[in-house]
Each structure stands twice: as structure tokens, then as C-alpha cells.
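The lines below spell out each chain.
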Amino acid sequence: MTTLAERAAAAAGRTDTPPAGAPAVLVEEYVPAPDLMADYEPGDDDPEMIPVHLAWLRVRRDIRAIAKGEQYNGGGTRFNFRGVDTVVNTFGPVTLKHGINVIPQQVNAEYRDTTTSKGNKMRECTVRVTWLIIGPKGDTITAQSQGEALDSADKGTAKAQSVALRVLLLSSGLTPTHDKDPDASHVERGNDAPARTPDSYRDEILAKGTSPGRLQQIGYELGNLRMLGRTVVNETGEQESLDDLGRRIYAERTGGAS
């Protein structure tokens, strides 16, 4: 046994002796704690010592799918989604079974103050997280994901990082929903509206309810369709181009020259 003072003096390179009559403080020699993993060997209940990419494939095989079982209904919007807790609760036991650890290695966050439509002050947080997916043998896969969140207090970063974790697990796990494939049904497209004929434009130009503004618009349409030179039978039974007809009727209704 040595006293605490003697050990401190020895560490400093001195050979100090405690003053006479001073109480001795005895300490035991330092003994390192045993390494519980020193003789570790995989057992029946331990994950198989395989590379991380194979272990991750087994995680994906066991999970198969996570349905959109939660629903958001607010602000006039309604949609189904897969929440963070649902995703983590699904992946957690399976990654443990296959010896997978998912650890954030680096978090880059950006912040922006904003205001809601009701005037409430909020803070927007966007994070980019670099993750290490560690396999049972200690080899790793590096992945990145992003998340964003709004919060009025101090939870924005935690929320955004939780979203980034959900995105990582769902995207790197290629986790389907087993929802109905949107391509499983289709709608037959009806026939497109037939192209307008020169006579239909003639009838609209001559109609008493057609305003001068609409007459100008008809002129633009006929120009785009290259139909200004098409001839029609006018109200007097004579042949007249749509361009001339439109200009004449416009002048009559506005009291000016075409």
C-alpha cells in the first residue's frame, strides 16, 4: 500500500514524505478492469460475423415493407405517412438481430427564422447528416440524408435529425409501402376537342354578342393557326377572307377604321 501523497509525489518525480503526525491516506494499487470482450467468440444468439453489406441485405429482407399507417389531417390537407417512431421501432430490433449499428458521424445544420400564416414566430432547421452503418465485423457503409423541421422552441434540430434518420432508413432500406401501385389503374383519355373550322370563326365574328376585345383575340388565334387568309361566305353571301371580315366587323363595332 502507498499513501495518496506518496503516489502524487512519485508522479511528479519527488520523494516527499508526509509531515509527522499527518494521517496517512491509503489507496489500493490501480488494477485495470477486466476486458469482457477479450475472449469473445460468436455464440448461437450472436449475429453472424459477415460483411456489413450482407448484414444490411438481411435487414432489408426481414423488414420487407412499412405501410403508411399514420394520417395527417390539418390545415385543409390530409395524407398518410410513415412516422419516425414507426420506422425506428421496425428497424431497431432487426438491426440488433443482424449486428447493425447506425450512428451519426457528422451533423451540418442551417437555421432560418420564419413566421407562420398566423404570425407565430418559428425557426426552421435543415440538417445534413453523415451516417455510419456499422456491421457485425466492424466494417462500415457511409451514407447521407437530410431532414428539416419547424419549431417554436429548442426542438428544431432534434426533429430535423429524426426526419433525416427516417429518410436514411427508408431510402437506404428501399422500404416499400405495399400500397397499391398507381400504375395499376388508368383512365382512358377522351377525344381531344376538334379543331375549329373557318365557318365556326365566321359565325363567332358575325355574332352580335362578340365584343371588340374578343374580335382582337380571334385575330391572334387565326394568325397562330395560319387561317387569316381562309375565305368564307360573309353575311351578304360574298366570299371574304377571315382577316378582312374580322377587321370590318371590328371597325363597325368600335366606330373606327380597321
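All values reported here derive from a predicted model rather than from experimental measurement. (Residues numbered from 1 in each chain as written. Predicted model: local features only at pLDDT ≥ 70, side-chain atom pairs only at ≥ 80, totals over all residues. Heavy atoms only, no water.)

A word on the sheet that holds strand E5 (residues 101-115)
Put simply, the rule is: DSSP-based pairing: two strands are paired if at least 2 bridges between them are found. Segments assigned H or I by DSSP are reported as helices when at least four residues long, segments assigned E as strands when at least two residues long, and all are numbered from the N terminus. Helix axes are fitted only over the stretch in contact, all axes being lines through C-alpha atoms; the angle between N-to-C directions runs from 0 to 180 degrees. Residues count as neighbours in contact if any of their non-hydrogen atoms are within 4.5 Å of one another.
One open sheet accounts for three strands, arranged E5-E6-E7; its pairing is antiparallel. On the outer flanks of this sheet lie E5 and strand E7 (140-151), each paired with one strand and no other. Taken over all neighbouring pairs, the strand axes of this sheet differ in orientation by 15 degrees on average, direction set aside. The pairing of strand E6 (residues 121-134) with E7 spans 12 bridges and is antiparallel. The residue bridging Thr126 from the neighbouring strand is Glu148, located in E7. Lying on the sheet, helix H4 (residues 156-172) is in contact with E5, E6 and E7; it crosses E7 at an angle near 135 degrees.

Some points on unusual backbone geometry
Convention followed: Think of it in three bands: with a 1.4 Å probe and only protein chains considered, a residue is buried below 20% of the maximum accessible area for its type, exposed above 50%, and partly exposed in between.
Its identity is not glycine, yet Arg64 carries a phi of approximately 65 degrees, on the positive side. On the basis of relative accessible area, Arg64 is assigned to the exposed category, the value being 56%. Although it is not a glycine, Leu174 sits at a positive phi angle of roughly 45 degrees. In this fold, Leu174 is placed in the loop between H4 and helix H5 (198-206).

Digging into the packing of aromatic side chains
Going by this rule: Stacked, edge-to-face and tilted are the three classes for Phe, Tyr and Trp ring pairs, Trp counted by its six-membered ring, which pair at centre distances within 6.5 Å; planes under 30 degrees apart are stacked, over 60 edge-to-face, the rest tilted.
Scanning the entire structure with this criterion turns up three aromatic pairs. With centroids separated by 6.1 Å and ring planes inclined at 20 degrees, the aromatic side chains of Trp56 and Phe91 adopt a geometry described as stacked. With a gap of 35 residues between them, Trp56 in helix H2 (residues 52-63) and Phe91 in helix H3 (residues 84-97) connect regions that are remote in the sequence. Accessibility expressed as a relative area gives 3% for Phe91, which makes it buried.

These results come straight from atomic positions and should not be treated as a statement about function.
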